[in-house]
Amino acid sequence: DNNGLTYPFVYAITVSGTNLFAGTWDGVFRSTNNGTSWTAVNTGLTNTSINALAVTGTNLFAGTWGGGIFLSTNNGTSWTAVNTDLTNTKVYALAVSGTNLFAGTEGGVFLTTNNGTSWTAVNTGLTNTNVYALAVTSTNLFAGASGRGVWRRPLSEMITSVEDQSGLT
C-alpha cells in the first residue's frame, strides 16, 4: 500500500508551505500530512508523465514528458499549460532562481521570467541540448547534458538578455 500513490515510482518531489508534492508517471500527488497519505491532484493536466516539479512563491510548476509545463496557483487543485514559446515539450528538469524558472528539455534550456507566460531558449555554449538536470547557485545555472557533462552559464547573462528582449529593462 502506497497510501494513495497509485504509481509508486516518484520522479520529482517538492514542498510548498505545508504541502508535499510527488510527481509520478500517473500525475501529481499532494500530501498535507508529511507523506502519511496522498491525494491525486491532476485536474487540467493533459499529460500526467511528471519528470520535474518546482515552486516559486505560490506557483507550483510540473514538467512533463512530452506535454510541456503546467502551472498550478492553488496547490495542485487545477493546472494550466504554460508552454508559449517552449519549442521542446519533453521536460526533464526545473530549477528556480528568485522569480525566474529554468526548464531543462530535449531542446536545451529555457527561461521564463513571467511564470511561464513566455519562454526563451538560453543555450549559448551548450553543445548538447538533451538537458536532464539543472541546479542554481547565487550566480550560475548548471545543466547536466547527455554525453557532454556539466554546462555553466552566469544567471545575470541570461536573465538580463531575456528582460531586454521583452522590454522589461
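Before any of the text, the structure's been laid out above.
These notes cover the structure that comes with them. (Residues numbered from 1 in each chain as written. Predicted model: local features only at pLDDT ≥ 70, side-chain atom pairs only at ≥ 80, totals over all residues. Heavy atoms only, no water.)

**Some details on the sheet that holds strand β6 (residues 59–64)**
Then step 1. Reading across the sheet, the four strands line up as β5-β6-β7-β8 and stay open at both edges, with antiparallel pairing between neighbours. Edge strands, defined here as strands with exactly one partner in the open sheet, are β5 (50–56) and β8 (80–81). (Pairing = 2+ DSSP bridges. Helix = DSSP H or I, 4+ residues; strand = E, 2+ residues; numbered from the N terminus.)

**Looking at the sheet that holds strand β1 (residues 10–16)**
Picture the strands of a sheet paired through backbone hydrogen bonds; they go either parallel or antiparallel.
Then step 1. Pairing is antiparallel across the open sheet formed by four strands, whose spatial order is β1-β2-β3-β4. Pairing within the sheet leaves two strands with one partner each, and these edge strands are β1 and β4 (39–40).
Then step 2. Across six bridges, the pairing between β1 and strand β2 (residues 19–24) is antiparallel. Along β2, the bridge assignment pairs threonine 14 with phenylalanine 21.

**Topic: the pattern of salt bridges**
Then step 1. Inspection of every chain in the model, using the stated rule, returns two salt bridges.
Then step 2. Note that lysine 90 and glutamate 106 form a salt bridge whose closest N and O atoms lie 4.0 Å from each other. You can see lysine 90 sitting in the loop between β8 and β9 (91–97) and its partner glutamate 106 sitting in the loop between β10 (100–105) and β11 (108–112), a full 16 residues away along the chain.
Then step 3. With a closest N to O distance of 2.5 Å, arginine 153 and glutamate 157 form a salt bridge.
Then step 4. Classification of arginine 153 by relative accessible area gives buried; the value is 8%. (Salt bridge = Lys/Arg side-chain N within 4 Å of Asp/Glu carboxyl O. Buried < 20%, exposed > 50% of the residue type's maximum accessible area, 1.4 Å probe, protein only.)

**Let's talk about the packing of aromatic side chains**
Then step 1. In the structure shown here, the tally under the stated rule is three aromatic pairs.
Then step 2. A ring pair is formed by tyrosine 11 and tryptophan 25, whose centres lie 5.8 Å apart and whose planes are at 45°; its orientation type is tilted. One end of the pair, tyrosine 11, is in strand β1; the other, tryptophan 25, is in the loop between β2 and β3 (27–31), with 14 residues separating them in the sequence.
Then step 3. By relative accessible area, tyrosine 11 is classed as partly exposed at 43%.
Then step 4. You can call tryptophan 25 partly exposed: its relative accessible area is 34%.
Then step 5. Among the aromatic side chains, those forming a connected cluster through ring pairs are Tyr11, Trp25 and Trp65. (Phe/Tyr/Trp six-rings, centres within 6.5 Å; stacked < 30°, edge-to-face > 60°.)

**Side note on a nonpolar patch on the surface**
Then step 1. Together, Phe9, Tyr11, Trp25 and Trp65 make up a nonpolar patch on the protein surface, roughly 430 Å² of accessible area in all.
Then step 2. Inspection of the secondary structure puts tryptophan 65 in the loop between β6 and β7 (69–72). (Patch = residues over 30% accessible without salt bridge, like charges linked within 9 Å, V, L, I, M, F, W, Y side chains within 5 Å. Areas by Shrake-Rupley, 256 points an atom, 1.4 Å probe, with all protein chains shown as cover.)

Keep in mind these numbers describe shape, not what the thing actually does.
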